[in-house]
Amino acid sequence: DAKTTQPNSMESNEEEPVHLPCNHSTISGTDYIHWYRQLPSQGPEYVIHGLTSNVNNRMASLAIAEDRKSSTLILHRATLRDAAVYYCTGGYSGGGADGLTFGKGTHLIIQP
Amino acid sequence: KAGVTQTPRYLIKTRGQQVTLSCSPISGHRSVSWYQQTPGQGLQFLFEYFSETQRNKGNFPGRFSGRQFSNSRSEMNVSTLELGDSALYLCASSLALGPNSPLHFGNGTRLTVT
């Protein structure tokens, strides 16, 4: 089964960049790497996803290691609204049959 | 564009009862998947539907079932409820099947089994 590991929590200061790491050592060649974030009492919100190349959108950047066994979500300038639990997914468990496999998530704390 | 809508938002049931949860996907989205979220196990995949057919199923007992209607709306059913079924049940819709299609989640149904 696909497995992802993330740090339990990270802390950063407002207006500074944040780098959130994720290891997905068992990811298959066709699985995309997804990142989601979740605020209290809400469902997860899509942040970004990619396959092999680094990706940018209005919310964040995604840096994918060349061997694809790890990735880093980059928030370029953190705000208090970025405080959330961030989940990465290393693709489908069981090689494509069972839906996205979420990690346990990183609780990001932003200090003003 | 309206997001994913889940009803009800909260539900309290007793052991042995059954429950049906409802999900309306984003307009135009044809894939609907369900996840269970608990503090101990995190987010776990239940099943995925596309064009009214179950395409994938997670590792949950047969008491958990679902269906999708022709308008892409989906329901999931849990029969013979157990205390361990207490969780946040999340529905997510996406444009298509497959790992290249981001999920858009609803805010979930909080089920408490007493």
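Structure's up top.
Residues numbered from 1 in each chain as written. Chains lettered and ligands numbered in written order. Predicted model: local features only at pLDDT ≥ 70, side-chain atom pairs only at ≥ 80, totals over all residues. Heavy atoms only, no water.

Here we look at the sheet that holds strand 3 (residues 19-24) of chain B
Residues and elements named next belong to chain B.
Thinking step 1. The antiparallel open sheet is built from 4 strands, whose spatial order is 1-3-8-7. Each edge of the sheet is formed by a strand with only one pairing partner; in this case those strands are strand 1 (5-7) and strand 7 (64-68). When the angles between neighbouring strand axes are averaged without regard to direction, this sheet yields 20°.
Thinking step 2. By the bridge criterion, 5 bridges tie strand 7 to strand 8 (residues 74-78) in an arrangement that is antiparallel. The residue of strand 8 that forms the bridge with Gln-68 is Ser-74. (Pairing = 2+ DSSP bridges. Helix = DSSP H or I, 4+ residues; strand = E, 2+ residues; numbered from the N terminus. Axes fitted to C-alpha atoms, helices over the stretch in contact; angles between N-to-C directions.)

Points about the sheet that holds strand 7 (residues 70-75) of chain A
All names here are of chain A.
Thinking step 1. The antiparallel open sheet is built from 4 strands, whose spatial order is 2-7-6-5. Looking at the sheet topology across the chains shown, the edges are occupied by strand 2 (18-23) and strand 5 (55-56).
Thinking step 2. Taken together, the 2 bridges between strand 5 and strand 6 (residues 61-64) define a ladder with antiparallel strand orientation. Following the sheet pairing, Asn-56 is matched in strand 6 by Ser-61.

Side note on the state of the cysteines
Residues and elements named next belong to chain B.
Thinking step 1. For the coordinates displayed, the defined rule picks out 2 disulfides over all chains.
Thinking step 2. Each sulfur of the disulfide joining Cys-23 and Cys-91 lies 1.8 Å from the other. Here the S-S torsion is close to -60°, and the disulfide linking Cys-23 with Cys-91 is therefore left-handed. Highlighted residues: Cys-23 in strand 3 and Cys-91 in strand 9 (residues 87-94), separated in sequence by 68 residues. (Disulfide = S-S within 2.5 Å.)

Brief notes about the packing of aromatic side chains
Thinking step 1. For the structure on display, the rule yields 11 aromatic pairs over all chains.
Thinking step 2. Judged by centre distance (5.8 Å) and plane angle (90°), the rings of A:Tyr36 and B:Phe105 are edge-to-face. Taken as a pair, A:Tyr36 in strand 3 (residues 33-38) and B:Phe105 in strand 10 (residues 104-105) lie in two separate chains rather than in one. Across the pair, B:Phe105 and A:Tyr36 agree in class, each one buried.
Thinking step 3. Chaining the aromatic ring pairs together yields one cluster made of A:Tyr36, A:Tyr46, A:Tyr87, A:Phe102, B:Tyr35, B:Phe45 and B:Phe105. (Phe/Tyr/Trp six-rings, centres within 6.5 Å; stacked < 30°, edge-to-face > 60°. Buried < 20%, exposed > 50% of the residue type's maximum accessible area, 1.4 Å probe, protein only.)

Notes on the nonpolar core
Residues and elements named next belong to chain B.
Thinking step 1. Within the largest apolar cluster, 21 residues are counted, with the highest numbers of intra-cluster contacts made by Trp-34, Leu-46, Phe-64, Met-76 and Tyr-89.
Thinking step 2. For this core, the secondary-structure elements that each account for two or more residues are strand 3, strand 4 (31-38), strand 5 (42-50), strand 8, strand 9 and strand 11 (109-113).
Thinking step 3. With near-sequence residues (within four places) excluded, Phe-64 lies in contact with Gln-36, Leu-46, Phe-47, Lys-57, Met-76, Asn-77, Val-78, Asp-85 and Tyr-89. (Core = buried A, V, L, I, M, F, W, Y, C linked by side-chain atoms within 4.5 Å. Contact = heavy atoms within 4.5 Å.)

Remember, this is a structural readout, not a statement about activity or role.
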